[in-house]
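# Architecture and fold: a report
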Amino acid sequence: MVLKVFFPSCCSSAESGILVGRWLSEQNSAVILAVVHFPFIPVQVKQYLSEVQRVTKVNVSVLGSWSNSKQEKEENLSKFLEDLGTIFSHEPWIQISKEGDSKFWSCSTLQKLANNPKEEEVILIYYDQRKVMLSHLHPPLDTATSTDHEADDASKLSAIFHTVAKSKILFMTDRYDDGPIKLTHWQSDGVEASIIVELMKQASVPACMLLTFLLSLVSGICRSRVLKFWPLSFLWSKLSTCEQLGHRLQHLQVISSSKKAQTQTQLMRKANIFVSLLIDVALGILLMSWLYRKNRIGHLADTLIPAADHVAEELQDLLQWLMGAPAGLKMNRALDQVLGRFFLYHIHLWISYIHLMSPFIEMILWYVGLSACLGLTVALCILSDIIALLTFHIYCFYVYGARLYCLKIYGLSSLWRLFRGKKWNVLRQRVDSCSYDLDQLFIGTLLFTILLFLLPTTALYYLVFTLLRLLVVIVQGLIHLLMDLIDSLPLYSILLRLCRSYRLAAGVKFRVLEQQDGKPLRLLMQINPLSYGSVVQMYRLPTYSCYPKDSWTSLCKKLFLGELIYPWKHKGEKQD
């Protein structure tokens, strides 16, 4: 049977001593964590390891001996190291020795309790202890296609990574400590730390307390009864700016929470939200500084009113074209004139409203621009709401045309069932047979004829205003797509993958260092990082959608039947 020994590469030049680690019996593997140097007292080593085991919940023990003949030249050293196996009594007892300046190592095992001891084949695997401890091994994303063998290999690797990560307290002792035990591990030359990080940790405590208090105050105001009255409740549920502010408020509550993250996923979620907020606010401040430089707010206000007038004029020309003979089509003149004048009157009201608000546009834009300090996503939401308000007349035209068209479509379908002797059963939600008398059939025929000949005129108006509505929806959709990208992109995870790819491990690969007859096979274990696509898929932040997500089939069905597309989201409606 093959014995696998995972040896930390940082201990290659360590002085002679005993090997401390964990024995994985189900894998017939030994994970070496540190080397304890001479001189030491065995009782103190056992007490120290029992304390480490109590804290880490990892079965840490003495697995064997390590001999570095470059430092130790006593002839009886190997005999002494073998005798240590009787004191610590681990089965099997692993003996690893480095032969001077030679690159070849010897590794053997002693099994004193076995009746028929057999020489086991040993594979010596080097691993970077620091990278393995700081990395997080991710399970395979596509579990449906993964085989049982791959799942078993992943569980074995997870046990090794878990052993090194849980033994963090073992790495807190360096060579400068005055304790009776001297260890060699990845932090032997000094515990890795950062003064800046420690100062930030100390400063974050009062900052989080203050932020928690402010957020609780804001949350109390948001939950107050004042916002539940109309029209505040209506605006809060319909405007995307209010939705984004509520979304960011939840993010701030997650960051300022005093509850410690229990898993790596929760920790990464907090870090991703924090970095996303920082970048969002930084981009918002850059936008605000650009807006308030060189009087760009005034230029924007001066451009906005002529643009609205131009859109209204184009709509008037379009309606005049529809009231004539559009594309040579012969329309119902009476209905055409009624619909055209009805929509022209609405455009007249809209132009009057815009000119009434024109003296206050610059002041409104000046105060709205200040909201960019809350983040670029808030500014984008405000832009989307402004577009919705400026194109509200187009939305009204679309609703009028869609309702009228939908009424005629459902009326024609109902009258068509009347001709076939059918009717719609509301209680059972199905079509049943029904017998009609002569008067009902005569009235149904008249109504069907009227609706059928009026349908082309209504359908043309519906088609034109639906295209205009789709144009507005596409613009708003692009804005919300950019906003969702900023909200959901796990920027911290992507930066971590770019700068320290070993922190996000998808698996490992082995490289052969040496292979010689009579010598153990020496391998180097290297970490395979997650791909960028897997990082985004695994750590993507949840977002809200201002519009319900419809499939293309459902969208085409709604367009054909005249149902409203992309309506405002209703409160309490679940989003995917």
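What counts, and at which threshold
- Residues numbered from 1 in each chain as written.
- Predicted model: local features only at pLDDT ≥ 70, side-chain atom pairs only at ≥ 80, totals over all residues.
- Heavy atoms only, no water.
- Helix = DSSP H or I, 4+ residues; strand = E, 2+ residues; numbered from the N terminus.
- Buried < 20%, exposed > 50% of the residue type's maximum accessible area, 1.4 Å probe, protein only.
- Areas by Shrake-Rupley, 256 points an atom, 1.4 Å probe, with all protein chains shown as cover.
- Salt bridge = Lys/Arg side-chain N within 4 Å of Asp/Glu carboxyl O.
- Phe/Tyr/Trp six-rings, centres within 6.5 Å; stacked < 30°, edge-to-face > 60°.
- Polar contact = N/O pair within 3.5 Å; in protein donor to acceptor, adjacent residues only side chain to side chain.
- Contact = heavy atoms within 4.5 Å.
- UniProt positions renumbered as here; feature names shortened; annotations may be inferred.
- Axes fitted to C-alpha atoms, helices over the stretch in contact; angles between N-to-C directions.
- Parallel < 35°, antiparallel > 145°, perpendicular 65-115°, else oblique.
- Left-handed = near helix turned anticlockwise from the far one by under 90°.
- Nonpolar A, V, L, I, M, F, W, Y, C, P; charged D, E, K, R; others polar.
- Patch = residues over 30% accessible without salt bridge, like charges linked within 9 Å, V, L, I, M, F, W, Y side chains within 5 Å.
- pLDDT = per-residue confidence, 0-100.
- Pairing = 2+ DSSP bridges.

## Remarks on the overall build of the protein chain
- Looking only at helices and strands, the protein chain features 16 helices and 13 strands.
- Taking all 576 residues of the protein chain together, the buried fraction comes to 40%.
- Accessible area of the protein chain: about 33400 Å², with a carbon and sulfur share of 63%.

## Let's talk about the pattern of salt bridges
- Under the criterion given, the structure shown has four salt bridges.
- Across the pair Arg54 and Glu51 runs a salt bridge, and its minimum N-O distance is 2.4 Å. Remark: Glu51 and Arg54 occur in helix α1 (residues 42-56); sequence separation between them is three residues, near one turn of the helix.
- Judged by relative accessible area, Arg54 falls into the exposed class, the value being 51%.

## Comments concerning the packing of aromatic side chains
- Going through the model one piece at a time under the given rule, you end up with 16 aromatic pairs.
- Residues Phe7 and Trp66 carry aromatic rings whose centres are separated by 5.3 Å and whose planes lie at 35° to one another, so their mutual orientation is tilted. Of the two residues, Phe7 is situated in strand β1 (residues 2-8) and Trp66 in strand β4 (residues 60-68); the sequence distance between them amounts to 59 residues.
- For Phe7, a relative accessible area of 0% gives the class buried.
- You can call Trp66 buried: its relative accessible area is 0%.
- Look at Phe342 and Phe343: their rings are 5.5 Å apart centre to centre, the planes differ by 65°, and that puts the pair in the edge-to-face class.
- Phe343 gets classed as buried once you look at its relative accessible area, which sits at 2%.

## Remarks on unusual backbone geometry
- Of note, Asn28 is a non-glycine position whose phi angle comes to about 55°, a positive value.
- Locating Asn28 in the fold gives a position in the loop between β2 (17-24) and β3 (29-37).
- When its relative accessible area of 8% is taken as the criterion, Asn28 is described as buried.

## Remarks on the side chain of Ser488
- Looking at the element boundaries, Ser488 is found in helix α13 (residues 438-488).
- Relative accessible area serves as the criterion here: at 3%, Ser488 is assigned to the buried category.
- A distance of 2.6 Å separates a polar atom in the side chain of Ser488 from the backbone oxygen of Asp484.
- In this view, Ser488 contacts Arg540, Leu541 and Thr543; residues no more than four positions away in its chain are not counted.

## Observations regarding the UniProt feature "transmembrane region" (unreviewed entry) in the protein chain
- UniProt marks residues 203-222, 273-292, 338-357, 364-391, 397-419, 440-464 and 470-495 with the feature "transmembrane region" (unreviewed entry), using the numbering shown here.
- The distance from the first to the last C-alpha atom of residues 440-464 is 35 Å, and the span holds 100% helix and 0% strand.

## Let's talk about the packing of helix α9 (residues 296-322) against α13
- With their axes 11 Å apart at the nearest point, α9 and α13 run at an angle of 160° to one another. Our classification of the angle between α9 and α13 gives roughly antiparallel. Handedness of the crossing formed by α9 with α13: right-handed. Residues Leu315, Leu318, Leu319 and Leu322 of α9 lie in contact with α13, whose contacting residues are Leu460, Tyr461, Val464, Phe465 and Leu468.
- Of the residues that constitute the contact of α9 with α13, the class distribution is nine nonpolar, no polar and no charged.

## Quick notes on a nonpolar patch on the surface
- Together, Phe360, Met363, Ile364, Trp366, Tyr367 and Leu370 give the surface a local cluster of nonpolar side chains, amounting to about 600 Å² of exposed area.
- Residue class for Met363 comes out partly exposed when judged on its relative accessible area of 45%.

## Overview of the confidence of the model for the protein chain
- Within the protein chain, residue pLDDT values average 81, and 83% of them lie at 70 or more.
- The secondary structure element of the protein chain with the lowest average pLDDT is helix α2 (residues 77-88), at 66, and the one with the highest is helix α14 (residues 491-499), at 92.
- Within the model, the stretch residues 568-576 combines pLDDT values under 50 with 16 contacts to residues more than four positions away or in other chains.

## Details of the pairing of strand β7 (residues 121-127)
- For β7, a buried count of six out of seven residues is recorded, marking the element as mostly surrounded by other parts of the structure.
- Taken together, the seven bridges between β1 and β7 define a ladder with parallel strand orientation. Counterpart to Val2 in the pairing with β7 is Glu121.
- Two elements, β7 and strand β13 (residues 521-529), share five bridges in a ladder whose sense is parallel. In the strand pairing of β13, Ile123 is matched with Leu521.

## Some details on the packing of helix α7 (residues 240-255) against helix α8 (residues 264-291)
- Contact pair α7 / α8: the axes reach a minimum separation of 10 Å and the direction vectors enclose 130°. Classified by the angle between their axes, α7 and α8 sit oblique to one another. In the packing of α7 onto α8, the handedness of the crossing is left-handed. Facing α7, whose interface residues are Arg248, His251, Leu252, Val254 and Ile255, α8 presents Arg269, Lys270, Ile273, Phe274, Ser276, Leu277 and Asp280.
- Here the residues of the contact of α7 with α8 sort into six nonpolar, two polar and four charged.

## A word on the pairing of strand β12 (residues 504-514)
- Strand direction decides the pairing type here: strand β8 (residues 136-137) and β12, joined by two bridges, are parallel. Residue pairing across strands places Leu137 opposite Ala505, the latter belonging to β12.
- When β12 meets β13, the two strands line up antiparallel, connected through eight bridges. Among the inter-strand pairings, Lys509 is bridged to a residue of β13, identified as Gln526.

## Notes on the environment of Ile527
- Here Ile527 shows up in strand β13.
- Along the primary structure Ile527 and Tyr127 are separated by 400 residues, whereas in three dimensions their C-alpha atoms are 9.1 Å apart.
- Beyond its immediate stretch of four places on either side in the chain, Ile527 contacts Lys131, Val132, Ser135, Phe161, Tyr502, Ala505, Gly507 and Val508.

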